[in-house]
Amino acid sequence: MEKLSPAEEQAMRAIWQVGEGNVKSFLDNMNGAPPYTTLASTIRNLEKKGYVESKLVGNVYMYTPAVSEEEYKKTFMNGVVKNYFDNSYKELVNFFVEQKKLSPKELKDILDMIEKGKT
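What you see is a predicted model, and the numbers here were worked out from it, not measured in a lab.

Caption draft 1: Expanded view of the packing of aromatic side chains. Inspection of every chain in the model, using the stated rule, returns 6 aromatic pairs. Centre to centre, the rings of Trp16 and Tyr72 are 5.8 Å apart; their planes meet at 45°, and the pair counts as tilted. On the criterion of sequence distance, the pair formed by Trp16 in helix H1 (residues 6-18) and Tyr72 in helix H4 (residues 69-84) is long-range, its members being 56 residues apart. Across the pair, exposure class does not vary: Trp16 and Tyr72 are buried alike. Cation over ring: Lys3 sits above Phe76, and NZ or CZ is 5.4 Å from the ring centre.

Caption draft 2: Broad picture of the side chain of Ser88. Tracing the chain through its elements places Ser88 in the loop between H4 and helix H5 (89-98). One polar contact links the side chain of Ser88 to the main-chain amide nitrogen of Lys90, over a distance of 3.3 Å.

Caption draft 3: Focus on the environment of Met62. Topologically, Met62 is positioned in strand S2 (residues 60-65). As for Met62 and Val81, which are separated by 19 residues in sequence, their C-alpha atoms are 35 Å apart. Excluding its chain neighbours within four sequence positions, the residues that come into contact with Met62 are Glu20, Gly21, Asn22, Glu53, Ser54, Lys55 and Val57.

Criteria and cut-off values
Residues numbered from 1 in each chain as written. Predicted model: local features only at pLDDT ≥ 70, side-chain atom pairs only at ≥ 80, totals over all residues. Heavy atoms only, no water. Phe/Tyr/Trp six-rings, centres within 6.5 Å; stacked < 30°, edge-to-face > 60°. Helix = DSSP H or I, 4+ residues; strand = E, 2+ residues; numbered from the N terminus. Buried < 20%, exposed > 50% of the residue type's maximum accessible area, 1.4 Å probe, protein only. Lys NZ or Arg CZ within 6 Å of the ring centre and 35° of its normal. Polar contact = N/O pair within 3.5 Å; in protein donor to acceptor, adjacent residues only side chain to side chain. Contact = heavy atoms within 4.5 Å.

So this is what it looks like as structure tokens:
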């Protein structure tokens with residue numbers, strides 16, 4: 001699975017949110033949306049990369065996600081952990097603690113989730 005550019009990720013988030021739709025329906029669900037033609041081009045690139053599928057309905061292309069949001073997150077988070085944290089989720093958590101991006105309460109909530117098996 002190929003890593004997406006920020007613009008492609010923004011488009012995919014709208015596509016995942018809408019499910020099946022056309023370019024206009026995705027534009028309506030984007031904050032700071034690009035111009036219509038830019039988004040249409042981005043979606044065509046996503047189709048070439050295998051992230052979305054299209055079908056022609058009348059004279060409008062309808063797009064659906066070919067890759068789930070969960071699958072995308074899993075693939076790229078595993079890559080981040082492997083490439084930047086020596087394949088250690090402990091190091092990942094430690095990084096966020098050191099950067100003061102994870103509060104003691106949030107860390108306790110994570111521990112509770114692990115103990116309850118809700119990870």
